[in-house]
Amino acid sequence: AAMGHSRWALVTALTMVLMLGACATPERPQTRGGAPAKNWHGRLGLRIESSPVQSLSATLDLSGDAQAGDLLLSGPLGTALLALSWRPGRATMQRNGQSREYNSVSALMQDALGADLPLAALFAWLAGEEAAVEGWQVDLSQLSKGRLSARRVGPAPAVDLRLMLEP
């Protein structure tokens, strides 16, 4: 019950952030040589089959790679819901005007989204690679049209992740 309560609090907090219009802009990572890192922009849909079921729909701005990157989730009016940033040995979440540090991207994702998303695999999937992750099924058949879907079937709770990327 306590875990469900904390996840419900997260969904409530994200809604409040949207209504309050809190803003955060993460710095953009640079690849080796100073060139801009790969960027993806589009929509993210996330559904966690917990009790109660949680869902999040947001604009997605993702840049970098599994080692160093930034993820900004924004609401329908462009207001920042959540800003995540990771570098070797450090991960940060900015939400509701507050910043929180983590020792790993896994802990950051679990706290921020209520599920540990396989970040290294996500970047491989975005590159069109069939990276296998235990418990996850990915569908890359529509990637050429900017659509990626992945489902975690184990461990519970089940998670559905859908990305609709802009060209």
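Residues numbered from 1 in each chain as written. Predicted model: local features only at pLDDT ≥ 70, side-chain atom pairs only at ≥ 80, totals over all residues. Heavy atoms only, no water.

A. Just the side chain of D70, in detail. In this structure, D70 sits in strand 3 (residues 69-74). Looking at D70, the relative accessible area reads 0%, which means it is buried. In terms of polar contacts, D70 uses its side chain to reach the side chain of S85, at 2.9 Å. (Helix = DSSP H or I, 4+ residues; strand = E, 2+ residues; numbered from the N terminus. Buried < 20%, exposed > 50% of the residue type's maximum accessible area, 1.4 Å probe, protein only. Polar contact = N/O pair within 3.5 Å; in protein donor to acceptor, adjacent residues only side chain to side chain.)

B. Region of the structure containing the environment of L165. Here L165 is to be found in strand 9 (residues 159-165). Between the C-alpha atom of L165 and that of W40, which follows or precedes it by 125 residues, the distance is 6.7 Å. Beyond its immediate sequence surroundings of up to four residues, L165 is in contact with W40, H41, G42, L60, L126 and G146. (Contact = heavy atoms within 4.5 Å.)

C. Highlighting the packing of aromatic side chains. Applying the stated criterion across every chain yields a total of 3 aromatic pairs. With centroids separated by 6.2 Å and ring planes inclined at 50°, the aromatic side chains of W125 and W136 adopt a geometry described as tilted. Residue W125 is found in helix 3 (residues 119-126), and its partner W136 is found in strand 7 (residues 136-139); the two are separated by 11 residues along the sequence. There is no split in this pair, since W125 and W136 are both buried. An aromatic cluster is defined as three or more aromatic residues linked by ring pairs; in this entry it consists of W40, W86 and F123. (Phe/Tyr/Trp six-rings, centres within 6.5 Å; stacked < 30°, edge-to-face > 60°.)

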